[in-house]
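Fold and contact review
Here is how the chains run, residue by residue.
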Amino acid sequence: MPELPEVETIRRGLVPFVEGRTLTRLEILDPRWCLPRAPEEVVDALVGRRIERLGRRGKYLIWTFTDEIHLLVHLRMTGTFLVDADEDERYQRVRLHLDDGRLLRYCDPRRFGTGELALGDAGLAAFLAPRLGVEPLDGELDGTRLRAEARGRRAPVKPFLLDQRRVAGVGNIYADEALHRAGVHPLRPVDRITPKQWDAIADGIVAALTAGLEAGGATIDDFRNVEGVYGGFQHEFLVHLRKGEPCDTCGTTIRKLVVGGRGTYVCERCQPRPRARRA
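What counts, and where the lines are drawn
Residues numbered from 1 in each chain as written. Predicted model: local features only at pLDDT ≥ 70, side-chain atom pairs only at ≥ 80, totals over all residues. Heavy atoms only, no water. Helix = DSSP H or I, 4+ residues; strand = E, 2+ residues; numbered from the N terminus. Buried < 20%, exposed > 50% of the residue type's maximum accessible area, 1.4 Å probe, protein only. Contact = heavy atoms within 4.5 Å. Pairing = 2+ DSSP bridges. Axes fitted to C-alpha atoms, helices over the stretch in contact; angles between N-to-C directions. Core = buried A, V, L, I, M, F, W, Y, C linked by side-chain atoms within 4.5 Å. Salt bridge = Lys/Arg side-chain N within 4 Å of Asp/Glu carboxyl O.

Remarks on the environment of Leu137
Here Leu137 lies in the loop between helix 3 (120-128) and helix 4 (143-150). For Leu137, a relative accessible area of 31% corresponds to the partly exposed category. Discounting residues that sit within four places of it in the chain, Leu137 has contacts with Leu4, Val206, Leu209, Thr210 and Leu213.

Remarks on the sheet that holds strand 3 (residues 60-65)
Read from one edge to the other, the open sheet built from four strands follows the order 2-3-4-8, with strand pairing classed as antiparallel. With one partner strand each, in any of the chains shown, strand 2 (51-57) and strand 8 (114-119) form the two edges of the open sheet. Pairs of neighbouring strands in the sheet enclose a mean axial angle of 20°, with direction left out of account. Here helix 1 (residues 4-18) sits on the sheet in contact with strand 2 and strand 3, set at roughly 170° to strand 2.

Quick word on the pairing of strand 3
For strand 3, the buried fraction is high: six of the six residues fall into the buried class. Both faces of strand 3 are covered, namely the face carrying Tyr60, Ile62 and Thr64 and the face carrying Leu61, Trp63 and Phe65. As paired strands, strand 2 and strand 3 are joined by six bridges and run antiparallel to one another. Note on strand 3: the bridge partner recorded for Ile51 is Phe65. Hairpin connection of strand 2 to strand 3: two residues between the antiparallel strands, including Gly58 at a positive phi of 60°. Pairing of strand 3 with strand 4 (residues 69-74) involves six bridges; the strand directions are antiparallel. Bridge pairing in strand 4 places Leu61 opposite Val73. Taking the residues that link successive antiparallel strands as the turn, the strand 3-strand 4 hairpin has three residues, and the phi of Asp67 there is positive, at about 65°.

Quick word on the nonpolar core
In terms of nonpolar packing, the biggest core is built from 32 residues, with Leu14, Leu46, Leu61, Trp63 and Phe81 touching the most fellow members. If you tally residues by element for this core, the top one is helix 1, at five residues. Residues contacting Phe81, with those up to four places away along its chain left out, are Ile10, Leu14, Leu61, Trp63, Val73, Leu75, Leu96, Arg105, Tyr106, Asn225 and Val226.

Some words on the pattern of salt bridges
According to the stated counting rule, one finds 27 salt bridges in the structure shown. Between Arg12 and Glu8 there is a salt bridge whose closest N-O contact spans 2.9 Å. One end of the pair is Arg12 and the other is Glu8, both in helix 1 and four residues apart, which spans about a single turn. With a shortest N-O distance of 2.9 Å, Glu89 and Arg224 are connected by a salt bridge. You can see Glu89 sitting in the loop between strand 5 (80-83) and strand 6 (92-98) and its partner Arg224 sitting in the loop between helix 7 (195-214) and strand 9 (255-259), a full 135 residues away along the chain. A relative accessible area of 18% places Arg224 in the buried class. Counted as one network, the salt bridges with shared partners bring together Glu8, Arg11, Arg12, Arg56, Arg57 and Glu135.

Brief notes about the sheet that holds strand 6
Pairing is antiparallel in the open sheet, where four strands are placed in the order 1-6-7-5. Taken across any chain shown, the strands that pair with only one partner, and hence form the sheet edges, are strand 1 (23-28) and strand 5. Averaged over neighbouring strand pairs, the angle between their axes works out to 20° when direction is ignored. In this structure, strand 1 lies alongside strand 6, joined through five bridges in antiparallel fashion. Directly across from Leu26, in strand 6, lies its bridge partner Leu96. Contacting strand 5, strand 6 and strand 7 (103-107), helix 1 runs over the sheet at an angle of about 40° to strand 5.

Focus: the environment of Leu161
Mapping Leu161 onto the fold places it in helix 5 (residues 157-162). Beyond its immediate sequence surroundings of up to four residues, Leu161 is in contact with Val167, Val170, Leu179, Ile201 and Ile205.

Focus: helix 6 (residues 172-182)
In terms of residue burial, helix 6 counts as a mostly covered element, since ten of its eleven residues are buried. Residues Asn172, Ile173, Tyr174, Ala175, Asp176, Glu177, Ala178, Leu179, His180 and Ala182 constitute the buried set of helix 6. Where helix 6 is buried, its residues touch helix 1, helix 5, helix 7 and strand 10 (262-266). Looking at the residues trailing helix 6, positive phi occurs at Gly183, about 70°.

Here you go:
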């Protein structure tokens, strides 16, 4: 599933090809992509406009066109953009034609990805504000911020980190990797985390995301960058997907748990399991 490093990898790869270019044709082959709007409505809003900027917020790619027209693309589980890919590339859902003759193909085997319009900068802000919390690589994430977001809650820390309204862009992979770096068990309730542990979690999030970005993202199933190249962070996982293997830090066998309905990987020596609450 593309998380922040994978989406940012795609954004950086697309920027040289799309910023400053005009969208001359838009083919929406899968109408589900832009629901509840009709494909014709999205085409009419975007074709003929210049792409001013390609940004990112959390896991959203934000295409900003002239006159403050924004297209917010969420890749969901298997979406990606490919530049000048083969005509017979599988799972094509959307095609974007640019004024220099270049063709971008949005491919998505599971068809969960979405493209949504936001009209005006105020409309963009209204869309993002209730959905996304702090951007972890912008220098605003620290233990104090996390502690404030967790105030009054008792959920385990991993589902808390996966809530995009708290921390934008962190998904299953990077939550596991961040908590291992912090030495915090994914089942530890957020109301039983110390200020020092919150600081370590914030540092762990930044470190895991940065490592993922430097490796070009992680490819587990379908992720590829815009040139069709797979990411490499899966070869650097400390715990994620490493059930039954020894922890690189202490040698203890890594376990797989289910936390908040998600497969979760942990070294229970480096990340001690919390004691049960007293009745």
